[in-house]
Structures are given as C-alpha cells and as structure tokens.
Amino acid sequence: QNVLGSQNIESLDVIPYPPSHVLDWIVKFFLGGFIRKLLASSKPASYCLCLLDLLCRLRFGQQYKRMLWADMIFFQGEGSIVDDSCVRSLRILCLPFLAKHRYNKKVVSCNQTIVTTSQTKSILKNVFSTFDLNYVREPETLNMLTADGWTQVGFMPDHAFLSVVQGKDYHLKLEKQ
C-alpha cells in the first residue's frame, strides 16, 4: 500500500527477461569490475550512473525507453540471482538499479531466488536494500537472507515450488510461514 500509494494502475507494461547479448560478454570482460563497484555503492557517483545509463541504453534499446516512461518498475530476475556474473554484467540488475538510482523510480523486486556467495553477499544486500519492496519465492531464500540481516525482504510463494512433488509436509511448512 505505501509503495503504490493512491495511484490507480491503469495498465502494466512488461519488459521481457533479456536474452543473452554480445554486449553482456563485452561489458562483463572489460567493465565487470566497474559494474561490481557501482552496484556495491550505496550512493553511486553521477558520472558512474551516466556511464551505466549509456550502457543500458545501448544494451536494452526499447526496453530502456519503457523503463524511462514507467512510473514504477516490477523486477523479476527469473531465479537467476545466484552467482558472481549477476554483479558483473548489465543483464540482470543494472536496469532496475539505474531506474532507482538515476531516475528515482519505485522498484519492486518479486519472485526471486537469491543465493549469495562471499563475493556477492554485500553487493546484493546493497542493491536490494535500495529497492522499495523485495519478495523471494521460496522459504529457503527468505531464511538465508533474514539470517544474513536482510530486513527488506518478504515471502511471495511461487506456484512452481508448491507442486505435488514437494509433498504435503512442504505445503504445511509454507502455510505456517
């Protein structure tokens, strides 16, 4: 309610999960360190955001323009926040990060699986703590992140994790949470 405020949502426009692009590999190889440092910064310098803006404009094209026109960004990383590559390339985190830090858009992260490593723990916590709302899709991620001190994270179950394969005990565990 606080994030949406009194806005009447008349339409939602979806930016699809970006397929792999040659620019992802070029940026990861030549600018991966820059991307890591930028995402690790709680107050990124304006010149760094300008460079990120240019890179995102080149990388995302029409999706970048849709981000500019949007009032609010709903970000779904498709369960891909799991290794060091997500903090060294443009593909996953940079467009919502840019929307929040350069254009002051409201960003809601939903349906994520986030697995931190010693190399990504503080960077991912920094990125997601600047978003307005964060929801993960299974209890294991929620428990891991709250144990690591994340306060801005909630649970939004994904139907894929509620399948019959999981069994009755798993469903009862989810109902208690």
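Look a little higher up for the structure.
Residues numbered from 1 in each chain as written. Predicted model: local features only at pLDDT ≥ 70, side-chain atom pairs only at ≥ 80, totals over all residues. Heavy atoms only, no water.

(A) Here's a closer look at the pattern of salt bridges. In this structure the tally under the stated criterion is eight salt bridges. Taking the shortest distance from any N to any O, the salt bridge between aspartate 148 and lysine 121 comes out at 3.6 Å. Of this pair, aspartate 148 sits in the loop between α6 (139-147) and β4 (154-155) while lysine 121 sits in helix α5 (residues 121-130); the two residues are 27 residues apart in sequence, bridging distant segments of the chain. With relative accessibility at 27%, the residue aspartate 148 sits in the partly exposed group. Counted as one network, the salt bridges with shared partners bring together Arg36, Asp84 and Arg88. (Salt bridge = Lys/Arg side-chain N within 4 Å of Asp/Glu carboxyl O. Helix = DSSP H or I, 4+ residues; strand = E, 2+ residues; numbered from the N terminus. Buried < 20%, exposed > 50% of the residue type's maximum accessible area, 1.4 Å probe, protein only.)

(B) Just a nonpolar patch on the surface, in detail. On the surface, a nonpolar cluster with roughly 490 Å² of combined accessible area is contributed by Val22, Ile26, Phe29 and Phe30. Looking at the secondary structure, you find valine 22 in helix α1 (residues 22-40). (Patch = residues over 30% accessible without salt bridge, like charges linked within 9 Å, V, L, I, M, F, W, Y side chains within 5 Å. Areas by Shrake-Rupley, 256 points an atom, 1.4 Å probe, with all protein chains shown as cover.)

(C) Structural context of the packing of helix α3 (residues 62-69) against helix α4 (residues 94-101). Viewed as axis vectors pointing N to C, α3 and α4 meet at an angle of 30°, and their least axial separation amounts to 11 Å. Taken together, the axes of α3 and α4 lie roughly parallel to each other. Crossing geometry of α3 relative to α4 is assigned as right-handed. Two secondary-structure elements touch here, α3 through Gln63, Tyr64 and Met67 and α4 through Leu95, Leu98 and Ala99. Taken together, the residues of the contact of α3 with α4 sort by class into five nonpolar, one polar and no charged. (Axes fitted to C-alpha atoms, helices over the stretch in contact; angles between N-to-C directions. Parallel < 35°, antiparallel > 145°, perpendicular 65-115°, else oblique. Left-handed = near helix turned anticlockwise from the far one by under 90°. Contact = heavy atoms within 4.5 Å. Nonpolar A, V, L, I, M, F, W, Y, C, P; charged D, E, K, R; others polar.)

None of the figures reported here should be taken as evidence of function without further support.
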